[in-house]
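Spelled out from the first residue to the last, the chains are:
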Amino acid sequence: MKKLLVVVCAMAALGLGSCGDDKPTDPQRPSGEGVYAPEAKIETVLEDNVPTEVWLWSDETGRLEAIGDPVECGSYEERIRFSYDGDRVSKVAMLDDSLEMRVGYVGKYISSLTMMYGDVTGATVSVTHNDANKVSHLDVDLDESMISQLLQQYLSDSSLFAKHPVSRLVGEPAARSLMKVMLMHRPSARKMTVQDVLIGIDFEWSGDNVARAIASIELTVGVTMAEVGEVVDLESMLGSLAPLVMALPGEHPLTASIIDTLEFSYDNHPNPLQGFLGAMDVAILSANNQTGTSNYGTMGLTLTVTVPMIGEYPLSQSMPISRFSQTQYTYNEKGYPQTLTGDDGVVKEYQYKE
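Residues numbered from 1 in each chain as written. Predicted model: local features only at pLDDT ≥ 70, side-chain atom pairs only at ≥ 80, totals over all residues. Heavy atoms only, no water.

Asks: An account of helix 1 (residues 144-156) is needed here, citing residue identities and associated values.
Replies: For helix 1, built from 13 residues, the straight-helix expectation of 18 Å at 1.5 Å per residue is met to within 8% by its first-to-last C-alpha distance of 18 Å. Looking at helix 1, one finds that the buried residues are Met 146, Ile 147, Gln 149, Leu 150, Leu 151, Gln 153 and Tyr 154. (Helix = DSSP H or I, 4+ residues; strand = E, 2+ residues; numbered from the N terminus. Expected span 1.5 Å × (residues − 1). Buried < 20%, exposed > 50% of the residue type's maximum accessible area, 1.4 Å probe, protein only.)

So, in structure tokens, the structure goes:
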């Protein structure tokens, strides 16, 4: 349950901002993975001139403590809460998703991210670095509980689905393709039979920016032939055998392979979200701001059925994945993004701490 925090308007220095020169400056803090100490600290986020986020920073430590949704003057409803071990983020509570992300380290670098629903592990992410100590690969292990949550959001709230950590990690087009496979076996009507889900993401760098991310998703699900027939044109593939195959009883293992390549373009301005762990997004790895993203890939479906008196019969189908999105920016006098306009026309504005 979200915790409602009330802040008196006269004390807006703790939340929505204040005027005056008596604020202490941030102490000198170490840099490195898990330490989010940007020179420009976002204080308020607006969309089409309406405040949508309040960022709460500690005047004593300089750390980001929470992000809330504005409710009324001086009030907000907490949405994200950060916990620290020293200067490094150790936990991120994502209250919209009833999810807690725990951050593991080896030495100076992040080694794992574990997403928890209470005491249940929803997903684990293993993090690999290259010789330049930049993140180069992620292995993602999803539990059925995480897949179920994603599917519910896919069916009911496209905005939450787009913001979900898994969608942000693998890219929304690949996440939507994954959900289409899940829908083949009517998870709303019966328990899913997911035999295996393997997700890997490789990153290619150009300087201090991620130039390309390649997401690979493989999963095996149990489906009935009637469910396959709703997605695949069995008659055109099998001809006169189609009625016999459609009548086969029980579930059959369907393997889906999704490969999506995301290519990014950037401006030459500093990214105020670099190192931010409140959103699982490739954008937080890069020094500059993403201006464009191109997705192109395929989703392949493979199913081998055993037909009486004929033997094994392989079925396969391939479907393209493609999408292009871009963001336009204006900048403040220090060169940081001030407004961001996406393909949907919504204008997001960043207001920074003085």
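Read on, since the account is not over.
Asks: Talk me through the side chain of Gln 290; I want residue IDs and the actual numbers.
Replies: Residue placement: Gln 290 occurs in strand 14 (residues 288-307). Setting aside anything within four residues of it in sequence, one finds Gln 290 in contact with Phe 264, Ser 265, Tyr 266, Val 282, Ala 283, Thr 327 and Tyr 329. (Contact = heavy atoms within 4.5 Å.)

Asks: So what's going on with a negative patch on the surface? Residues and values would help.
Replies: A cluster of acidic residues, Glu 47, Asp 48, Asp 343 and Asp 344, forms a negative patch at the surface. Checked against the element boundaries, Glu 47 lands in strand 2 (residues 42-47). (Patch = residues over 30% accessible without salt bridge, like charges linked within 9 Å, V, L, I, M, F, W, Y side chains within 5 Å. Areas by Shrake-Rupley, 256 points an atom, 1.4 Å probe, with all protein chains shown as cover. Salt bridge = Lys/Arg side-chain N within 4 Å of Asp/Glu carboxyl O. Lys, Arg positive; Asp, Glu negative; His and termini not counted. Charge placed at Lys NZ, Arg CZ, Asp CG, Glu CD.)

Asks: Describe the pairing of strand 18 (residues 347-352), listing the residues and the values that go with them.
Replies: In this sheet, strand 18 lies alongside strand 2 in antiparallel orientation, the contact comprising five bridges. What sits directly across from Val 45, in strand 18, is Tyr 350. One ladder, built from three bridges, connects strand 17 (residues 337-341) with strand 18; its direction is antiparallel. Bridging from a neighbouring strand, Thr 341 pairs with Val 347 of strand 18. (Pairing = 2+ DSSP bridges.)

Asks: Got a sec to walk through a nonpolar patch on the surface? Specific residues and values, please.
Replies: Together, Leu 244, Met 309 and Ile 310 line one region of the surface with nonpolar side chains, adding up to about 360 Å² of accessible area. On the secondary structure map, Leu 244 appears in helix 7 (residues 242-246).

Asks: Requested: an account of the pairing of strand 8 (residues 109-117), with residues and values cited.
Replies: In terms of strand pairing, strand 7 (residues 99-106) meets strand 8 through seven bridges, oriented antiparallel. Note on strand 8: the bridge partner recorded for Met 101 is Met 115. The turn joining strand 7 and strand 8, which pair antiparallel and follow one another in sequence, is formed by two residues; a positive phi near 65° is taken by Gly 107.

Just distances and angles here, no functional claims.
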